[in-house]
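Now for the letters of each chain:
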Amino acid sequence: MNNKQHAAELAAQAYQLDKLMREEQGLMPLIQSGFRGGLKPLMILAYLLALLLMVAIVFCAYQFFTVEAAQQNFWGFCLVLAFQAQVGTKIWIWLEMNRASTVRELKRVELALAQLQTQAVAQAAAER
């Protein structure tokens, strides 16, 4: 393989890599990736739970600041509990989005390796 062919091949690979990187940028594609695959119903449930917990946090905070001092302990505890559940839900959602992104990247690497193997076999056959 001469230098011009090698440079052209590297340029083509760089173009494909740039195209893939442009597809992955931004928060919306990352969020949407969580809704693709087998766990889509669970992701929808997690987002609904996160929304419900946000309402619970606002309600508990309102109650905490408007009730008598004797009841503030109860509403404060409920507020902290709802907040912790919200944090756990959001962490699970984030981990699931990252898992989906990692699986997608592994599939791309697998495809790239298969293409390289095919090219190597073709080059070896052409050299004979």
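Conventions and cut-offs
- Residues numbered from 1 in each chain as written.
- Predicted model: local features only at pLDDT ≥ 70, side-chain atom pairs only at ≥ 80, totals over all residues.
- Heavy atoms only, no water.
- Phe/Tyr/Trp six-rings, centres within 6.5 Å; stacked < 30°, edge-to-face > 60°.
- Helix = DSSP H or I, 4+ residues; strand = E, 2+ residues; numbered from the N terminus.
- Buried < 20%, exposed > 50% of the residue type's maximum accessible area, 1.4 Å probe, protein only.
- Axes fitted to C-alpha atoms, helices over the stretch in contact; angles between N-to-C directions.
- Parallel < 35°, antiparallel > 145°, perpendicular 65-115°, else oblique.
- Left-handed = near helix turned anticlockwise from the far one by under 90°.
- Nonpolar A, V, L, I, M, F, W, Y, C, P; charged D, E, K, R; others polar.
- Expected span 1.5 Å × (residues − 1).
- Polar contact = N/O pair within 3.5 Å; in protein donor to acceptor, adjacent residues only side chain to side chain.
- Contact = heavy atoms within 4.5 Å.

**Details of the packing of aromatic side chains**
Applying the stated criterion across every chain, the model contains four aromatic pairs. Seen from their ring centres, Phe59 and Trp75 are 5.5 Å apart, and the 80° between their planes marks the pair as edge-to-face. Taken together, the residues span a long stretch of sequence, with Phe59 in helix H3 (residues 40–66) and Trp75 in helix H4 (residues 72–127) at a distance of 16 residues. Accessibility expressed as a relative area gives 43% for Phe59, which makes it partly exposed.

**Points about the packing of H3 against H4**
Two numbers describe how H3 lies on H4: the axes approach to 8 Å, and their chain directions differ by 155°. As the angle between them shows, H3 and H4 are arranged roughly antiparallel. The element H3 and its partner H4 pack so that their crossing is left-handed. Here the contact of H3 with H4 is composed, by residue class, of 23 nonpolar, five polar and two charged.

**Regarding H4**
Here H4 spans 82 Å end to end across 56 residues, near enough to the 82 Å set by a 1.5 Å rise per residue. Taken residue by residue, H4 has Trp75, Gly76, Cys78, Ala82, Gln86, Thr89, Ile93, Glu96, Met97, Ala100, Ser101 and Arg104 as its buried positions.

**Comments concerning the side chain of Glu96**
Inspection of the secondary structure assignment puts Glu96 in helix H4. Within the structure, Glu96 has its side chain in polar contact with the side chain of Arg99 (distance 2.6 Å). When neighbours within four sequence positions are excluded, Glu96 is seen to be in contact with Leu39 and Met43.

**Points about H3**
With 27 residues, H3 ought to run about 39 Å at 1.5 Å a step, and its terminal C-alpha atoms sit 39 Å apart, in line with that. Among the residues of H3, those classed as buried are Met43, Ala46, Ala50, Leu53, Ile57, Cys60 and Gln63. Close packing links the buried residues of H3 with H4.

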